[in-house]
Amino acid sequence: MQEEIINFIKSIYSEQIIENKKNIVSPYNLSIYIPEKNFGIEYCDLKNHSSFSLEYKKNYHRDLALICQAKEINFFLFFKDEWERKRHLIEQMIKYRLGLINKKIYARACRVQEFVSNKDVKPFFDKNHIDGHTNCKRSYALIHNNSIVAAMSIRTNHQSETEIARFATDC
């Protein structure tokens, strides 16, 4: 599966791609690192990256993300099932991080619309957010040419704080 990701990146990007190196974020391993963009990808199969694995280490991904943050590496982590279910979205996210998507729609060319029903934004989040839709109090969207181009949903968390539950742009 990682080979599919490498092949995809090679099909759109011609600079150096480093695979499975530990010295970049030692003692951890990055599945893929692109030095020119300071971009690291951690692809996680479900067998070795779950609590059912003998090799599983609690907080491994959090600690890896913190090391990447300290080294100012743009870090992107996703799992095998996400690659299988939402490959097109992940490919778009990789292209964006590599600077290969430059289509812009300016906010001033859009109108803001509030939605109080989850059903109005569910299809947008299911298509454009890696985790899909979630229940929320309300959502706001930027509308351009009568289509949603960006959306944000807001909910109250377990500490009774208002939080952004989802944010996505149209891929």
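Note: the structure precedes this text.
Because the structure is predicted, anything quoted here is derived from the model rather than measured. (Residues numbered from 1 in each chain as written. Predicted model: local features only at pLDDT ≥ 70, side-chain atom pairs only at ≥ 80, totals over all residues. Heavy atoms only, no water.)

### What about helix α4 (residues 87-97)?
For α4, the full list of buried residues reads L89, I90, E91, Q92 and I94. Looking at the buried positions of α4, the neighbouring elements they touch are α1 (2-12), β3 (39-44), β4 (74-79), α3 (80-85) and α5 (122-128). Two residues or fewer after α4 comes G99, characterised by a positive phi angle close to 75°. (Buried < 20%, exposed > 50% of the residue type's maximum accessible area, 1.4 Å probe, protein only. Helix = DSSP H or I, 4+ residues; strand = E, 2+ residues; numbered from the N terminus. Contact = heavy atoms within 4.5 Å.)

### A word on the packing of α1 against α4
Relative orientation of the contacting elements α1 and α4 amounts to 50°, with a least axis distance of 11 Å. Between α1 and α4, the crossing angle belongs to the class labelled oblique. Of the two possible hands of crossing, α1 and α4 adopt the one that is right-handed. Contact residues: α1 offers E4, I5, F8, I9 and I12, while α4 offers R87, E91, I94 and K95. Considered class by class, the residues forming the contact of α1 with α4 number five nonpolar, no polar and four charged. (Axes fitted to C-alpha atoms, helices over the stretch in contact; angles between N-to-C directions. Parallel < 35°, antiparallel > 145°, perpendicular 65-115°, else oblique. Left-handed = near helix turned anticlockwise from the far one by under 90°. Nonpolar A, V, L, I, M, F, W, Y, C, P; charged D, E, K, R; others polar.)

### Points about the pattern of salt bridges
Pairing between side chains of opposite charge can happen when the charged atoms of each approach one another. By the definition in use, this model includes eight salt bridges. In this structure, the salt-bridge partner of D120 is K119, at a minimum N-O distance of 3.6 Å. Accessibility expressed as a relative area gives 63% for K119, which makes it exposed. The salt bridge involving D170 is made with K127; its shortest N-O contact spans 3.4 Å. Of this pair, D170 sits in the segment after β8 (162-169) while K127 sits in helix α5, placing them 43 residues apart in sequence. The network of salt bridges with shared partners includes E4, R87 and E91. (Salt bridge = Lys/Arg side-chain N within 4 Å of Asp/Glu carboxyl O.)

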